[in-house]
Amino acid sequence: MVVTGAAGFIGSHLVQTLIAAGHDVLAVDAVERAAAPEAAAANSAELSHAGVTVTECDLATDDLAPLAEADAILHLAGRPGVRTSWGRGRAAAHRDNVTTTERLLAACAARPARHRPRFVLASSSSVYGSAARPCAEHDRIDPRSPYAMSKARAEQLTQEAARDGVPAVILRYFSVYGPRQRPDMAFHRFVEAALDGSPAPLYGGDQSRSFTFVGDVVDATVRAARAPLPPGTVLNVGHPESVSLRDALQRIGALLGTPPPTEPAAAAPGDVARTWAGPDRAARLLGWTARTGLDAGLARQIAWHRERVRV
Ligand SMILES: NC(=O)c1ccc[n+]([C@@H]2O[C@H](COP(=O)([O-])OP(=O)(O)OC[C@H]3O[C@@H](n4cnc5c(N)ncnc54)[C@H](O)[C@@H]3O)[C@@H](O)[C@H]2O)c1
């Protein structure tokens, strides 16, 4: 199997899980393209200590034909983040989310029909816009930021390829957290603020999210790589409870025994009021639901922050 974005937050966990399960994994990444290159370099070093080499490959420019010889491509590489996708970030979101997907799908389509790999796209709950109730995969999408638009376009390309005979499926991840969470993400900033005593910006605060533990996201992704899903299937990968950022902040404070210091900041444009995962299709087609409750998952993330070497 190929994992793209292998040095990323979610990708590095996925690689470790696949290796532990005995899979043959080609882990690829372009570490300098990461939203947080230092974090990606640290993840890559951690994988290397575990005996896994991350192969440098820029999916927007390098030859991808060898990757399409695998039985599955789990495409997690990309430029995540709503806030940073405005202005100059728009081009990076397009390059690393759309161009990479288009080129990988072209490499898959160039294989003989019987040898095309299962392709799994890591898309995002942000394509839904704001949710008034749990979102089902057939709901109309309403992307409200360049990031969400880039993921919606990557989904469209994946659907086209699926119609043309690539066994491709789409996973919509909902706000993932846990050990190695990216440093630009809210829980990471809050925990570090509490440990360092320097305030973290709280962008808005009233937003609610289906926060989903990284181990559960990895489990869904591994299942999607193998399950007999019809090409073009879209699945929510999210916890069915939607929790406000302020509530999550309080829970982090309770677990740490001290409230993280924050300073108010305006919510970013396109940062929607609520995401909310409808879990039924993933339960039916993958036998998967998010099992980890927020307090248990936060405790695991906090333990990681306490142990990690600060640079
Ligand atoms: N973290 C979340 O809450 C979340 C939610 C929804 C969707 N997603 C999606 O899941 C995927 C993984 O997210 P993450 O949080 O682990 O992000 P991450 O930034 O930690 O990992 C992405 C990795 O992709 C690599 N990459 C970027 N451009 C590349 C290119 N051109 N060629 C090769 N590698 C490239 C980066 O170097 C990075 O290591 C992303 O596609 C993201 O959009 C994440």
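Residues numbered from 1 in each chain as written. Predicted model: local features only at pLDDT ≥ 70, side-chain atom pairs only at ≥ 80, totals over all residues. Heavy atoms only, no water.

**Let's talk about the side chain of Ser210**
And step 1. Checked against the element boundaries, Ser210 lands in the loop between strand E9 (208–209) and strand E10 (212–213).
And step 2. Polar contacts involving the side chain of Ser210 include one to the main-chain amide nitrogen of Ala277, which spans 3.0 Å.
And step 3. Excluding residues that lie within four positions of it along the chain, Ser210 makes contacts with Phe174, Ser175, His239, Pro240, Glu241, Ser242, Thr275, Trp276 and Ala277. (Helix = DSSP H or I, 4+ residues; strand = E, 2+ residues; numbered from the N terminus. Polar contact = N/O pair within 3.5 Å; in protein donor to acceptor, adjacent residues only side chain to side chain. Contact = heavy atoms within 4.5 Å.)

**Observations regarding the UniProt feature "domain: NAD-dependent epimerase/dehydratase" (unreviewed entry) in the protein**
And step 1. As annotated in UniProt, the feature "domain: NAD-dependent epimerase/dehydratase" (unreviewed entry) corresponds to residues 1–238 in the numbering used here.
And step 2. Annotated as 37% helix and 17% strand, the span residues 1–238 places its first and last C-alpha atoms 24 Å apart. (UniProt positions renumbered as here; feature names shortened; annotations may be inferred.)

**Some details on the site of the ligand**
And step 1. The immediate surroundings of the ligand are formed by 31 residues, with Phe9, Asp29, Tyr147, Val176 and Arg182 found nearest.
And step 2. Between an oxygen atom of the ligand and a main-chain N or O atom of Phe9, the distance comes to 2.8 Å.
And step 3. Here an oxygen atom of the ligand and a side-chain polar atom of Arg182 are 2.7 Å apart.
And step 4. Against a free-state accessible area of 810 Å², the protein chains account for coverage of 97% of the ligand.
And step 5. When the residues that make up the shell around the ligand are grouped by side-chain class, the tally is 17 nonpolar, seven polar and seven charged. (Near = heavy atom within 4 Å. Areas by Shrake-Rupley, 256 points an atom, 1.4 Å probe, with all protein chains shown as cover. Nonpolar A, V, L, I, M, F, W, Y, C, P; charged D, E, K, R; others polar.)

**Quick word on the packing of helix H5 (residues 186–196) against helix H9 (residues 294–307)**
And step 1. The N-to-C vectors of H5 and H9 enclose an angle of 55 degrees; their axes lie 10 Å apart at closest approach. Classified by the angle between their axes, H5 and H9 sit oblique to one another. Where H5 crosses over H9, the two elements pack in a sense that is right-handed. When H5 is examined against H9, the residues Phe187, His188, Val191, Glu192 and Leu195 are found in contact with a partner set consisting of Leu294, Leu298, Gln301, Ile302, Trp304, His305 and Arg306.
And step 2. For the contact of H5 with H9, the per-class residue count stands at seven nonpolar, three polar and two charged. (Axes fitted to C-alpha atoms, helices over the stretch in contact; angles between N-to-C directions. Parallel < 35°, antiparallel > 145°, perpendicular 65-115°, else oblique. Left-handed = near helix turned anticlockwise from the far one by under 90°.)

**Thoughts on unusual backbone geometry**
And step 1. The phi torsion at Arg180 lies on the positive side, around 70 degrees, for a residue other than glycine.
And step 2. Looking at the element boundaries, Arg180 is found in the loop between strand E7 (176–177) and H5.

**Quick notes on the sheet that holds strand E11 (residues 234–237)**
And step 1. Strand order across the open sheet formed by seven strands is E3-E2-E1-E4-E5-E6-E11, with parallel pairing between neighbours. Edge positions in the sheet fall to strand E3 (54–56) and E11, since each has one partner strand and no second. Here the average twist between neighbouring strands, direction ignored, is 25 degrees.
And step 2. Inspection of the sheet shows strand E2 (residues 26–29) paired to E3 by three bridges, in the parallel sense. Bridge pairing in E3 places Asp29 opposite Glu56. (Pairing = 2+ DSSP bridges.)

**Structural notes on the pattern of salt bridges**
And step 1. On inspection of all chains with the given rule, the structure shows 17 salt bridges.
And step 2. With a closest N to O distance of 4.0 Å, Glu137 and Arg281 form a salt bridge. Of this pair, Glu137 sits in the loop between strand E5 (118–124) and helix H4 (146–163) while Arg281 sits in helix H8 (residues 280–286); the two residues are 144 residues apart in sequence, bridging distant segments of the chain.
And step 3. You can call Arg281 partly exposed: its relative accessible area is 22%.
And step 4. For the salt bridge of Arg251 with Asp247, the shortest nitrogen-to-oxygen distance reads 3.4 Å. Linking Arg251 with Asp247, this pair stays in helix H7 (residues 245–256), spanning four residues, or about one helical turn.
And step 5. Residue class for Asp247 comes out partly exposed when judged on its relative accessible area of 30%.
And step 6. Connected through shared salt-bridge partners, Arg33, Asp58, Arg79, Arg95 and Asp96 make up one network. (Salt bridge = Lys/Arg side-chain N within 4 Å of Asp/Glu carboxyl O. Buried < 20%, exposed > 50% of the residue type's maximum accessible area, 1.4 Å probe, protein only.)

**Some details on the packing of aromatic side chains**
And step 1. All told, the structure shown has four aromatic pairs when counted by the stated rule.
And step 2. Judged by centre distance (4.5 Å) and plane angle (40 degrees), the ring pair of Phe187 and Phe211 falls under tilted. You can see Phe187 sitting in helix H5 and its partner Phe211 sitting in the loop between E9 and E10, a full 24 residues away along the chain.
And step 3. The class for Phe187 is buried, based on a relative accessible area of 1%.
And step 4. Owing to a relative accessible area of 10%, Phe211 belongs among the buried residues under this scheme.
And step 5. Cluster of aromatic residues (ring-pair linked, three or more members): Tyr177, Phe187, Phe211 and Phe213.
And step 6. Here Arg172 stacks its cationic end above the ring of Tyr128, 4.8 Å away from the centre of that ring. (Phe/Tyr/Trp six-rings, centres within 6.5 Å; stacked < 30°, edge-to-face > 60°. Lys NZ or Arg CZ within 6 Å of the ring centre and 35° of its normal.)

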